[in-house]
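Each chain, written out:
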Amino acid sequence: MSEMKTAAYICKGCGLGERLDAAQLSKVAQKEGKANLVREHDFLCSAAGVQMIRDDIEKEAVTHVAIAACSRRAKAEAFWFPTVAMARANLREGVIWSQPDTDEAREGTQEMADDYVRMACAEVKRMKLPAGNTETGHNKRLLVVGGGVSGMTAAIEASNTGYQVVLVEKSGSLGGWGARLWKRIPFQEPLKDPVETGVTDMIDRIGADPNIKVYLNATLAKTTGAPGRFAAEIAVESGSVAMEEVGAIVQASGFGTYDIAELPELGGGKSPDVVDQAGLEKLAVEAAARGQPIRRPSDGGEIRTVAFVQCAGQRDDTGRHLPYCSGFCCSTSIKQAMYFKDVNPAVDTVVIYTDLRVPGSGEDFYRSGQEKGVTFTKGKVTGVEPGSKGCTVKFHDLILNDKDAAIQADLVVLATGQVPNSGVNVDIPEEEAAKMEVKPVSILNLDYRQGRDLPQLRHGFTDSHFICFPYETRRTGIYAAGPVRRPMDMAQAVEDATGATLKAIQAVENAELGRAAHPRSGDLSFPSFRRDGCTQCKRCTVECPFGAIDEDEQRYPLFNESRCRRCGTCMGACPVRVISFENYSVDTVGSQIKAVDMPDEFSEKPRILLLACENDAYPALDMAGMNRIQYSAFVRVIPVRCLGSVNTIWITDALNSGYDGVMLMGCKHGDEYQCHFVKGSELANYRMSKIDDTLKQLALETERVATYEVAITDIERVPQLINNYAAKINEIGLSPLKGFA
Amino acid sequence: MSDLNTQAVERYRNNFLKEVEENVEEGHWVKMCMQCGVCSGSCPFGPHWEHPPQEIFMMIRAGKRDEVLASDSMWMCTSCYNCIVRCPRKLPITHIMHGLANYAHRLGIAPKGQPTREFAKLFWDNMMKKGRVNEMKLTIGHYFRNGIGAGIKEAMAMKDVGLGMLKAKRLNPMELAGGHGLKDLKGFHAMVAKAKEIEDRKKGFVK
C-alpha cells in the first residue's frame, strides 16, 4: 500500500434514501471526512453496488473504504474487501431504524447520520490493513498431557484427523481410571446393562498408531513458546529428558478421588467393608478374575445386602468436604448395583440418595436399574457403623421423615467425588504456595509471565470459558479436556476430549496463517508497541487475560503473537498509549470521538458517547434497531472489541471535547462472567471505578461517566438505559466544557 | 382370612416389596416410582390422606408391611385418575391403590369400619344378589348402616334428592319388593366364581 486513497460510499437502499438526505451525507464525507472519492448508490450491497466498489479499488487504487449503509454486523459477505482497510457507518440499524420517522425527528436523525459518516471517514484514515504475521510458528503436532480416557480420545481423534500426537502419561501405563473399571455405563441403546469399557481397544489402537508417540512414566519439566511453536521438555522417570516441538496442547490430566479416610463418620477407613466406588470396581475386577461373585472384604462372607451412599463427602455445606456435585456418581452406583443384581437378583441393593442426578442417557439406565430391582431410598445417611458382620447404615428417610431409619449391609459403597488434577494455582503467589502443607505439582510447567499452569476456576477446576466456550482456556493453544475442567463421566469426557482436540487443531492452523484464535477467529491484526514510549510499567503483561505478553531481558513487554486473542485489553491498560493494532488503536477510536460535530451549549442538544462491547452490547443495539425500538438521537455509538480495550484517554478526550456524558456497556463480570475475553469487562469496571478523580479534576459531575453490564439479550433494556441516561443528562444539564476543545 | 395373612408374612419374611409385586394388582410397578411426588401433589384428597401415594410406595420399599396394609389411605382414593395422568414414570397409581386396598381386605387386615370399605362391601353384596344393583335397597342399606335413628336422620337430610329422583323416574320404589334381576343369574354367579378362582390362583390365595 503506497499512497492512501479514501473512498466513501453512501447507500440509499433499505429506506436510507427516503429518510436521510444522501446529498448532505456525501457533502459531509467530502468536505469534513476529506474522502478522495464519494459515491452514492441506490442499493450498495447488490452485485452492481459491490462491483462499483471493487472497480474503484482496482482502477482508482482506493486503499481505504468507508461504507455508510447498514451495521458492520450485516452484509459482511457482500462488503468483503480483504485488500483494503474498511470502516462502516451504521446508518440503518443505528439511525433510521432506531429513530422515529416523523418531521420533528428528521433533524436529529440527519445529524446522527452525518456524525456517523464523519466518524467512519475519520476512523478509516487511521486504519491500516492488517498484514498478519505468518512467521509465528508452523508446528502442527499436538501434545496430549494425560493418558486416561480423555487423553487417549484426544490422541486418537487427532490422529484420525491427520495430525501427529505426542502423548505424555505420568504413570507406567495408559488407561487411567477407565482401565481400572470392571464395566462402564452404556453410552447408547440399549441403555440397560453395564458394558465393556473399551479401554483396552483404545490402548491397542494407540500402540499401533504410527502418528502417536507415547511417553510413559513421564512428566512435563518445562513448556515454552506459543501456539505453532511450543517446545516441551519431557522428563522420563529413568532420568532422561526428551525435547518435543508441538503446535498445541490438550491437557487431560484428569482427577483423583476424594479420600474416604476423610469420612470416618461414614465408616471411611474404618472397615474393609466400607469402600469407595473405585474400591468396588477393584473388588468386581478381582471377583471376575476368580470367576465368583463379590465377597465381603473383611471375612470373605457372602454378600446379601449392599448399601450405596450417594453424595459421600460431596455437596457439603459444612466446608469440610467437597461443596460440588460430581455428576457421574449416581449413574455409577446404579451400574455397580447391577454388578450384584445381574449375578444374583436375590442380593438386596439399596441406593440412598437425596437427589438422583443421572445426566445424559442416565434416566434410561436408572429405569433399567429399577426394573432389575435396585431399591432407591431418598434419604440422607447420618452414619455408618461397621460391625462384626457388615455395617449398620443409619439414615434420615426424607420421604417418611424417619430420622432413625437404619439398614444392615454387608458392604457399603461411598460415592465420593472427583478432585481435579489441576496443578499449581497461579493466582496464589509463589511465596504463599511454598508455605502450603501439600505443595501442588505443576502439570505443564509453563515458562509464562503469568504462571506455570492454566488458571483455575472455583473448587480448583482448570480454566474453561464455561458459559459460552467450554473448551477455551485463558492460555491460547492449550485446551483442557475431561474431568480436570469440571466433574464428568466417561461419555462426557470422550465428547469433551474430541471437542478440545478440534479446538487445538484450529489453533495450530490459525497460528500458521498468523490469524487469531477464538473468539476473533481469523483476525490478522496484532498489537504492537512503540518501544521508545514504553515506561515498563508492566500493566499490559499483568492484565493480559491470556498470558500472551512476557517480559524480555530488558523488561519490555514481549508479545507472543499467536497467544494473543486481539481483545485489546493491553491497549486499554497502557497509561502511555503506546500499544495499538493496525486497524484498532487509541487513534482510530479517538479520532471518531473527535469527529462528531459538537453543538454549542445553547443548542439544547447534548451528545452522549456510548462505547459498546461488540460482542454483546452492540448486537443488542442492532437488534433493538431491527425491532424498531427507539432511543435518544443524542447518542453516538462506537463499538469496541472488548470493554477491556477502552483506554481512559478516550473518556477524558470525550469530556474535554464537550460530550455531556459517556456510557460504557460491557458484559457481565465476576464468577458468572459473560465476557468473551474473561477479564476484559472486569478490568474495565475496575478502571472506571477510578475515573471519578479525573472527573473531579475536570470539575464535572460523576454521573458524566456510567458503566453498565449488559447481555446480548437486553434488546429492550439497552435502549431504555440510553433513554434513562439521556434524561439524567438533561437533569444535570449540559457539560460546561463545551466550546473549549 | 387371617391365616392367609400369616402365610404371606411367613412366605415373604422381610420382603414386602416382593409380596406386593406378586399379590397386588399392578404391584410390579411400585419399584419404578422415582419419588418425585407429583401424585401426592395432584391428588385432590392428598391433604386428607395419612400417607399419600408417594409415601405408600416408599413404605412398601422400606418393608413397612403392617403400616401400609392397615392404613386407610388407599381407601380414600376416588379414582379421579389425576395421578395416573400426571405420573412421569407412567405408574398406574389408581389401580395400585385399589390393588393394595383389595389385598389388605382379602388378608383381613384392612381398617374396620372404614366407610369406603363398608360401602364397597354393601355394594358388592347388593349386586351379587340379583346380578344388578338395586338402588332402593343399596341406598336404604347405606343410610341405616348405623341403626334406625341415624338412618332416619340421614334419609331426611337427603329427602329432596330422593324425591327428585323419584319424579325423574331414576328411582323406582317398587324395587323395594324384591326387585328384578338378571335373566341368567346362575350363569352370572358361575362367571364371578370362575374369575375369583383365576385371581386366587394367580395371587396364591388357593388353600
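Rules behind the numbers
- Residues numbered from 1 in each chain as written.
- Chains lettered and ligands numbered in written order.
- Predicted model: local features only at pLDDT ≥ 70, side-chain atom pairs only at ≥ 80, totals over all residues.
- Heavy atoms only, no water.
- Helix = DSSP H or I, 4+ residues; strand = E, 2+ residues; numbered from the N terminus.
- Buried < 20%, exposed > 50% of the residue type's maximum accessible area, 1.4 Å probe, protein only.
- Contact = heavy atoms within 4.5 Å.
- Salt bridge = Lys/Arg side-chain N within 4 Å of Asp/Glu carboxyl O.
- 1 Å grid on protein atoms, 1.4 Å probe; cavity = no way out; pocket = protein on both sides within 12 Å on 5 of 7 lines; lining within 4 Å.
- Points joined across faces, edges and corners; volume = space filled by probe spheres on them.
- Nonpolar A, V, L, I, M, F, W, Y, C, P; charged D, E, K, R; others polar.
- Domains from an automatic or database assignment.
- Buried area = accessible area lost by both parts, 1.4 Å probe.
- Polar contact = N/O pair within 3.5 Å; in protein donor to acceptor, adjacent residues only side chain to side chain.
- Pairing = 2+ DSSP bridges.
- Axes fitted to C-alpha atoms, helices over the stretch in contact; angles between N-to-C directions.
- Right-handed = clockwise from strand over helix to strand, strands pointing away.
- Phe/Tyr/Trp six-rings, centres within 6.5 Å; stacked < 30°, edge-to-face > 60°.

1. Some words on the overall build of chain B
For chain B, the helix and strand inventory stands at twelve helices and zero strands. Helices (α) and strands (β) of chain B occur, in sequence order from the N terminus, as α-α-α-α-α-α-α-α-α-α-α-α. Here the C-alpha coordinates of chain B stretch approximately 55 × 40 × 30 Å along the principal axes. Burial analysis of chain B (207 residues in total) assigns 38% to the buried set.

2. Points about the side chain of Glu543(A)
Within the element layout of this structure, Glu543(A) appears in helix α13 (residues 539-543). Once residues lying within four places of it in the same chain are set aside, the contact partners of Glu543(A) are Gln450(A), Thr569(A), Ala573(A), Leu683(A) and Arg687(A).

3. So, the pattern of salt bridges
Residue and element names in this part refer to chain A. Within the structure shown, the criterion is met by 62 salt bridges over all chains. Residue Arg320 is joined to Glu265 by a salt bridge in which the shortest nitrogen-to-oxygen separation is 3.8 Å. One end of the pair, Arg320, is in the loop between β14 (305-309) and α9 (329-343); the other, Glu265, is in the loop between β12 (255-257) and β13 (274-276), and 55 residues separate them in sequence. Given a relative accessible area of 33%, Glu265 falls into the partly exposed group. A salt bridge links Asp299 to Arg296; the nearest nitrogen and oxygen atoms lie 2.9 Å apart. Judged by relative accessible area, which is 40%, Asp299 ranks as partly exposed. Through salt bridges with shared partners, a single ionic network connects Glu32, Glu107, Glu111, Asp115, Arg118, Lys605, Arg607 and Arg636.

4. Some thoughts on the environment of Val441(A)
Positionally, Val441(A) belongs in the loop between α11 (430-435) and β21 (478-480). For the pair formed by Val441(A) and Ala507(A), sequence separation is 66 residues and the distance between their alpha carbons is 27 Å.

5. So, the layout of surface pockets
All names here are of chain A. Taken as a whole, the second largest pocket holds about 1400 Å³ of empty space. For the second largest pocket, the lining is made up of 45 residues, of which Arg72, Trp80, Met86, Arg520 and Asn583 are closest to its centre. Contributing elements (two or more residues each) for the lining of the second largest pocket: β4 (85-90), α4 (92-96), α5 (106-125), α15 (586-595), α16 (617-626) and β27 (635-640). By residue number, the principal contributor to the lining of the second largest pocket is β4, which donates six residues. For the lining of the second largest pocket, the residue count by class is 27 nonpolar, eight polar and ten charged. Each of domain 1 (1-130) and domain 5 (598-741) contributes no fewer than three residues to the lining of the second largest pocket.

6. Here's the deal with the domain arrangement of chain B
Residue and element names in this part refer to chain B. Here chain B is described as being made up of domain 1 (2-111) and domain 2 (115-197). Between the C-alpha centres of domain 1 and domain 2 the distance comes to 29 Å. Carbon and sulfur atoms supply 50% of the area that domain 1 and domain 2 bury against each other, a total of about 470 Å² over both sides. At the junction of domain 1 with domain 2, the criterion picks out zero salt bridges. Put simply, domain 1 and domain 2 have four residue pairs in polar contact (both at pLDDT 80 or more) between them. Its residues placed into classes, the side of domain 1 that touches domain 2 shows three nonpolar, one polar and one charged.

7. Concerning the sheet that holds strand β2 (residues 37-41) of chain A
All names here are of chain A. Taken together, four strands build an open sheet; the order of strands is β2-β1-β3-β4 and the sheet is parallel. Sheet topology places β2 and β4 at the edges, where each strand pairs with a single neighbour. Strand-to-strand twist across the sheet, computed as the mean angle between neighbouring axes with direction ignored, equals 15°.

8. Let's talk about empty space enclosed by the protein
Residue and element names in this part refer to chain B. Summed over the entire model, instances satisfying the criterion amount to nine cavities of 30 Å³ or more. There is about 120 Å³ of room inside the largest cavity. Lining the largest cavity are 18 residues; nearest its centre among them are Cys43, Trp49, Cys77, Cys80 and Cys83. The set of elements that each furnish at least two residues to the lining of the largest cavity consists of α3 (38-42), α6 (82-86) and α7 (93-107).

9. Concerning the pairing of strand β6 (residues 165-168) of chain A
Residues and elements named next belong to chain A. Both faces of β6 are covered, namely the face carrying Val165 and Leu167 and the face carrying Val166 and Val168. For strand β5 (residues 142-145) and β6, the ladder comprises four bridges, and the chain directions are parallel. Within β6, the position partnered with Val144 by the bridge is Leu167. Taken together, β5, helix α6 (residues 149-160) and β6 form a β-α-β motif whose crossover is right-handed. Summarising the sheet, β6 and strand β7 (residues 212-215) pair through four bridges and their orientation is parallel. If you follow Val166 over to β7, its bridge partner there is Lys213. Where the polypeptide runs from β6 across helix α7 (residues 199-208) and back to β7, its parallel neighbour, the crossover connection is right-handed.

10. Looking at the packing of aromatic side chains
Evaluated as defined, the whole model comprises ten aromatic pairs over all chains. Measuring from centroid to centroid gives 6.2 Å for Phe546(A) and Phe677(A), while their planes differ by 80°, and the two rings are edge-to-face. Of this pair, Phe546(A) sits in the loop between α13 and β23 (549-551) while Phe677(A) sits in the loop between β28 (661-666) and α18 (680-688); the two residues are 131 residues apart in sequence, bridging distant segments of the chain. On the accessibility criterion, Phe546(A) (1% relative accessible area) is buried. Residues Phe119(B) and Phe123(B) carry aromatic rings whose centres are separated by 6.5 Å and whose planes lie at 45° to one another, so their mutual orientation is tilted. Remark: Phe123(B) and Phe119(B) occur in helix α8 (residues 115-130); sequence separation between them is four residues, near one turn of the helix.

11. Brief notes about the interface of chain A and chain B
Each partner contributes residues to the interface: chain A has 16 residues there, and chain B has 14 residues. Of the roughly 1200 Å² buried between chain A and chain B on both sides combined, carbon and sulfur atoms contribute 57%. When the buried surface of chain A facing chain B is broken down by residue, Gln370(A), Ile399(A) and Leu400(A) rank first, second and third, together holding 46% of it. The tally of links between chain A and chain B comes to two salt bridges. Here Glu363(A) and Arg89(B) are joined by a salt bridge, their closest N and O atoms 3.5 Å apart. If you look at where chain A meets chain B, you find six residue pairs in polar contact (both at pLDDT 80 or more).

12. Regarding the sheet that holds strand β19 (residues 411-414) of chain A
Residues and elements named next belong to chain A. Across the sheet, seven strands lie side by side as β13-β19-β14-β15-β16-β17-β18; this open sheet has mixed pairing. Bordering the open sheet on either side are β13 and β18 (402-409), each of which pairs with just one other strand. Neighbour to neighbour, the strand axes of the sheet diverge by 40° on average, direction disregarded. Both strand β15 (residues 348-353) and strand β16 (residues 375-386) contribute to a ladder of four bridges, which runs parallel. Of the residues in β16, the one forming a bridge with Tyr353 is Lys378.

13. Focus on the domain arrangement of chain A
Residue and element names in this part refer to chain A. Annotation of chain A at the domain level lists domain 1 (1-130), domain 2 (142-254 + 421-513), domain 3 (257-417), domain 4 (528-570) and domain 5 (598-741). Facing the 17 residues of domain 1 at the interface are 19 residues of domain 5. Carbon and sulfur atoms make up 48% of the area that domain 1 and domain 5 hide from each other, which totals about 1600 Å². Three residues, Arg72, Arg73 and Trp97, lead the burial of domain 1 against domain 5; their summed loss comes to 32% of the area buried on that side. Here domain 1 is connected to domain 5 by six salt bridges. One salt bridge in this structure joins Glu614 and Arg72, with 3.0 Å as the shortest N-O distance. In this assembly, domain 1 and domain 5 are joined by eleven residue pairs in polar contact (both at pLDDT 80 or more). Elements represented by at least two residues in the side of domain 1 that touches domain 5 include exactly α4 and α5. Its residues assigned to classes, the side of domain 1 that touches domain 5 shows five nonpolar, six polar and six charged.

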